[in-house]
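Coordinates in review
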Amino acid sequence: MSPLMAERMDSMDCRNERVMGITLTIDRTKISIIQTYAPQQGRSLREKEQFYETLQEMTETIRHHENVIVMGDMNGHVGQNRDGVEHVIGEFSIGERNQEGERIIDYCVMNNMSMMNTYYKHQESHKWTWYRWNEAQQGYTERSMIDLFLTNKKNIFKDVRTIPSVSLDSDHRLVVAKLKIVKPKEKVKKKQKRFKLENLKDEEKKQALRQLEEQGENPNEISTEEVKEALKKMRSVKAPGDDELPIELFKAAGEECVEWMSIVEKRLRTCVEEKLGIWQYGFRPNRNTTDLVFTLKMIMEKSWEWSIDKYVAFIDLEKAFDRIRRDCLWRVLQHQDYGINSKLIRVFKSIRTRRAESRTESWRVNGLALRQE
């Protein structure tokens with residue numbers, strides 16, 4: 001290990017001569033690396049079982065959300081067959097599977113790991129990691145992929161390949177993996193405003209608040225009963241609106257504060273409810289669009305029963321709804337068909353204007369943010 005990597009090592013765990021692990025911190029990213037040397041063919045079954053038991057114990061000591069890399073000589077052939085283990089073996093594996101390869105796959109399935117050697121397209125000479133040279137034939141008589149990189153986070157790997165040109169004075173080849181470590185974003189804690197609600201219990205401060213209220217305009221004389229009713233309908237412990245004022249502030253202030261939109265909407269609904277046509281079902285009491293769906297189903301059933309032709313036309317008014325001019329809307333409300341009080345319209349208009357100014361300079365209705373009926 002280079003001195004630079006040694007400075008970033010947090011811990012080391014050496015279980016035996018076949019399994020050891022280290023934990024590194026690179027750019028605030030935790031990486032746990034387990035180095036292995038599995039028993040080769042000819043070793044006893046008990047020794048192989050002990051190796052995988054030790055490897056599993058070390059794997060379980062690592063937190064599941066960390067990046068885990070298991071690398072080393074696994075002494076097993078995983079083969080090219082991917083049936084049922086597509087998340088473990090990639091498209092570019094080589095050879096045939098043996099019993100030791102089955103053990104490797106079982107370990108990967110148990111720990112949700114993938115064999116990264118099999119996920120990258122390379123020449124055959126850049127895939128196999130072990131070989132046997134025959135002097136008499138002057139060629140390779142055996143070769144396989146037994147030095148593997150296993151991981152639970154495939155997205156940190158960019159490539160895995162062997163380097164044939166590097167001599168290690170061994171029958172194993174150098175296997176190199178390229179990693180992509182993304183520096184995690186720092187969580188910026190949003191500083192929330194704190195309102196001293198306890199001050200509203202002070203009679204002197206409540207009196208000062210009343211005086212400020214009396215200095216402003218109240219064009220439509222909202223009654224105390226309407227304020228109480230609106231406050232009862234508001235739920236606590238909810239996200240504040242654009243003004244970042246929590247509902248607890250209004251409740252603690254009592255009758256001095258009010259959610260204007262709820263009261264104005266109620267007054268407006270009272271004026272127009274009797275004048276709306278029978279075709280309007282959405283957003284009305286004792287009416288629902290499901291009633292229309294039920295009526296349509298009954299018409300279809302009866303037409304099938306009596307073999308009567310039917311024609312149904314569906315009109316999507318979403319675009320037209322989104323393009324209503326607000327200045328025209330105010331004039332329609334003042335029309336003799338509705339006869340809405342001009343003071344009520346000014347209050348409603350002022351609320352819409354204040355909310356628009358808190359968002360953007362030019363305010364428009366976005367169809368994606370409105371519930372359609």
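What counts, and at which threshold
Residues numbered from 1 in each chain as written. Predicted model: local features only at pLDDT ≥ 70, side-chain atom pairs only at ≥ 80, totals over all residues. Heavy atoms only, no water. Phe/Tyr/Trp six-rings, centres within 6.5 Å; stacked < 30°, edge-to-face > 60°. Buried < 20%, exposed > 50% of the residue type's maximum accessible area, 1.4 Å probe, protein only. Lys NZ or Arg CZ within 6 Å of the ring centre and 35° of its normal. Helix = DSSP H or I, 4+ residues; strand = E, 2+ residues; numbered from the N terminus. Pairing = 2+ DSSP bridges. Contact = heavy atoms within 4.5 Å. Core = buried A, V, L, I, M, F, W, Y, C linked by side-chain atoms within 4.5 Å. Axes fitted to C-alpha atoms, helices over the stretch in contact; angles between N-to-C directions.

With that out of the way, let us pick up the packing of aromatic side chains. Counting across every chain of the model gives three aromatic pairs. Ring centres of F51 and Y52 lie 5.0 Å apart, and the angle between their planes is 80°; on these two criteria the pair is classed as edge-to-face. Both residues of the pair, F51 and Y52, belong to the buried class. For R173, the ring lying beneath its charged end belongs to W128, and the centroid distance is 3.7 Å.

Moving on, we come to the pairing of strand β8 (residues 147-151). Regular strands place side chains that alternate from one sheet face to the opposite one. With five of its five residues buried, β8 lies for the most part within the structure. Here β8 shows no split at all, with D147, F149 and T151 on one side and L148 and L150 on the other all buried. Here strand β4 (residues 67-73) runs beside β8; their pairing, made up of five bridges, is antiparallel. Looking at β8, one finds that M71 is bridged to F149. As paired elements, strand β5 (residues 114-115) and β8 share two bridges and run antiparallel to each other. Bridge pairing in β8 links M115 to L150.

Turning to the side chain of R173, a few remarks are in order. Here R173 shows up in the loop between β9 (157-163) and β10 (174-179). Those residues in contact with R173 that sit more than four places away from it in its chain are S125, W128, T129, Y131, Y140, T162, P164 and L168.

Moving on, we get to the nonpolar core. Of all hydrophobic cores here, the largest spans 26 residues; its most connected members are L55, I104, M115 and L150. The set of elements that each furnish at least two residues to this core consists of α2 (45-60), β4, α3 (99-110) and β8. The next biggest cluster of nonpolar side chains, apart from the first, holds 13 residues, and it includes I33, I69, Y120 and F157.

Turning to the sheet that holds β8, a few remarks are in order. The strand order across the open sheet formed by six strands is β1-β2-β3-β4-β8-β5, and the pairing between neighbours is mixed. If you trace the sheet from one side to the other, it starts and ends with β1 (9-14) and β5, each paired once. Sitting on the sheet, α3 is in contact with β4, β5 and β8, with an inclination near 15° to β8.

Take unusual backbone geometry next. The backbone phi angle of N112 is positive, close to 55°, even though this residue is not glycine. Residue N112 is classed as exposed on the basis of its relative accessible area of 54%. Positioned with a positive phi, S307 is a non-glycine residue whose angle comes to about 55°. In this structure, S307 sits in the loop between α8 (289-305) and α9 (318-322). According to the relative accessible area criterion, S307 is exposed, its value standing at 66%.

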